[in-house]
Amino acid sequence: MIPVLILFGVLLGRWWRSSLVAAALGWPVLLVATDVTEVDAGLLGAAVLAVVNTAAGVLLHQGARLAIRRLRAP
C-alpha cells in the first residue's frame, strides 16, 4: 500500500500539512475499518509509516513544482 500513500502525497502535495495530517489519521482508521488490524500499539507504527510515505510523495510534488517554476522564470 506504499504506492497509494505516495500517490496521495503527490496529488495533495500543494497542501502538504493537511495531507500529512490526513495520512496520519486516515490510514490507521482505514486499516481498522477494513479489519486489517485491531487497535493496538502497531497502529501507531502504521501511522508513522503512512506519514513517511506521504511525505515522500509531497517531496516529489514540491520538487516538480519548483522545477517547473524555475523553467518558466525568465
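Just so we're clear, the structure is a prediction, and the values are computed from it rather than from any experiment. (Residues numbered from 1 in each chain as written. Predicted model: local features only at pLDDT ≥ 70, side-chain atom pairs only at ≥ 80, totals over all residues. Heavy atoms only, no water.)

Q: Explain the nonpolar core here, please?
A: A general tendency of soluble globular proteins is for nonpolar side chains to be buried together. With six residues, the main nonpolar core is built from Leu5, Ala23, Trp27, Leu31, Ala46 and Ala50. Contributing elements (two or more residues each) for this core: α2 (16-33) and α3 (42-72). Residue contributions to this core peak at three residues, all from α2. Residues within four places of Ala50 in sequence aside, it is in contact with Leu5, Ala23 and Trp27. (Core = buried A, V, L, I, M, F, W, Y, C linked by side-chain atoms within 4.5 Å. Buried < 20%, exposed > 50% of the residue type's maximum accessible area, 1.4 Å probe, protein only. Helix = DSSP H or I, 4+ residues; strand = E, 2+ residues; numbered from the N terminus. Contact = heavy atoms within 4.5 Å.)

Q: Would you take a moment to explain the environment of Trp16 for this structure?
A: In this structure, Trp16 sits in helix α2. Residues Trp16 and Pro28, spaced twelve residues apart in sequence, show a C-alpha to C-alpha distance of 19 Å. Setting aside anything within four residues of it in sequence, one finds Trp16 in contact with Val58 and Gln62.

Q: How should I be thinking about the environment of Val51 in this particular structure?
A: The residue Val51 is located in helix α3 in this model. Using a relative accessible area of 26% as the deciding quantity, one classes Val51 as partly exposed. Along the sequence, Val51 and Val4 sit 47 residues apart, while their C-alpha atoms lie 12 Å from each other.

Q: What exactly am I supposed to notice about α2 here?
A: Quick reminder: α-helices carry 3.6 residues per turn. Residues three or four places apart thus point the same way. If you check α2, its first and last C-alpha atoms are 25 Å apart, about what 18 residues at 1.5 Å a residue would give, namely 26 Å. Remark: the principal bend of α2, roughly 25°, maps to Ala23. Listed in full, the buried residues belonging to α2 are Ser19, Leu20, Ala23, Trp27, Pro28 and Leu31. Turning to α2, the residues buried within the fold contact α1 (2-11) and α3. Remark: Asp35 follows α2 within two positions and exhibits a positive phi of approximately 60°. (Expected span 1.5 Å × (residues − 1). Bend = angle between axes of the 7 residues up to and from the residue.)

Q: Teacher, can you tell me more about the side chain of Asn53 here?
A: The topology assignment puts Asn53 in helix α3. Residue class for Asn53 comes out buried when judged on its relative accessible area of 16%. Not counting residues within four places of it along the chain, the set of residues in contact with Asn53 comprises Ile2, Leu5 and Ile6.

Q: How should unusual backbone geometry be read in this particular structure?
A: Negative phi characterises most residues that are not glycine, and trans characterises most peptide bonds. Not every positive phi belongs to a glycine, and Asp35 is a case in point at roughly 60°. With respect to the helices and strands, the residue Asp35 is situated in the loop between α2 and α3.

Everything listed here is a matter of coordinates, which is why it stays silent on function.
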